[in-house]
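# Reading the structure
Single-letter residue listing:
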Amino acid sequence: MNSPSGFGPQRLGRTLNAVAGKALGKDGMAFGALLTDWAAIVGGRLAEQTSPLKLAFPAGRRENAVLHVRVSSAAALLVQHEEPQILERINSFMGYRAVARLKLVHAGPVLPQKNYAMKPVKRLDPVKERELTMTVEPIENEELRAVLERLGRAVVG
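Residues numbered from 1 in each chain as written. Predicted model: local features only at pLDDT ≥ 70, side-chain atom pairs only at ≥ 80, totals over all residues. Heavy atoms only, no water.

### Side note on the sheet that holds strand β3 (residues 99-106)
Rules: Strands are treated as partners if at least two bridges between them are detected by DSSP. In DSSP terms, a helix is any run of H or I states spanning at least four residues, a strand is any run of E spanning at least two, and both are numbered starting from the N terminus. Here, axes are lines fitted to C-alpha atoms. For helices the fit covers the stretch in contact, and angles between N-to-C directions go from 0 to 180 degrees. Residues are treated as being in contact if the distance between any of their heavy atoms lies within 4.5 Å.
Taken together, the three strands give an open sheet; going across it, the order is β1-β2-β3, and neighbouring strands pair in mixed fashion. Where the open sheet ends on each side, the last strands, each with one partner, are β1 (50-56) and β3. Across the sheet, the mean angle separating the axes of adjacent strands is 30 degrees when strand polarity is ignored. Packing against the sheet, helix α5 (residues 73-81) makes contact with β1, β2 (65-71) and β3, and its axis sits at approximately 160 degrees to β3. Contacting β2 and β3, helix α6 (residues 83-94) crosses the sheet at an angle of about 120 degrees to β3.

### Side note on the packing of helix α7 (residues 126-136) against helix α8 (residues 142-156)
Packed helix pairs are characterised by how far apart their axes lie and by the angle those axes make with each other. In plain terms, the rule: In a left-handed crossing the near helix is turned counterclockwise from the far helix by less than a right angle, and in a right-handed crossing that turn is clockwise. Basically, the charged four are Asp, Glu, Lys and Arg, the nonpolar ten are Ala, Val, Leu, Ile, Met, Phe, Trp, Tyr, Cys and Pro, and anything else, Gly included, counts as polar.
One way to put it is that α7 packs onto α8 with a least axis distance of 10 Å and a crossing angle of 145 degrees. Our pair here, α7 against α8, has a crossing hand that is right-handed. Facing Lys 128, Glu 129, Leu 132 and Val 136 of α7, the residues of α8 in contact are Arg 145, Leu 148, Glu 149, Gly 152, Arg 153 and Val 156. For the contact of α7 with α8, the residue count by class is four nonpolar, one polar and five charged.

All we've got here are geometric facts, nothing functional implied.
Written out as structure tokens, the structure reads:
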């Protein structure tokens, strides 16, 4: 449904590189992956005190980059001590030896990131639980029934 005039709906894949490239620089996709998954890569303890700032590759190469990491002064010694493990985790995540070393940039504490993880659904009281069960009971498709029951718990709870 792409219109020739450029107006109207566009496929995200066609514009993603242009947008990400402008926002994150020439190494945008590699650095973007580090930004979005930083806590999963280094762990929650280090993610609270560090954040990636810049990924600098050597001229004409796509490996052995220097990753500039913002770190609070209190955590700098810990990060320096765990650098080999951090590099191993980053390179495992990237799938190749993308980063050769870290460059620590001392700065104030890293601002906490908003957690977008789903909150656990509250348990319903017995009356509402019975009403919900009776409402979805006539549905024959088990998968659809389970999905609607979860939706009902989220809405009612």
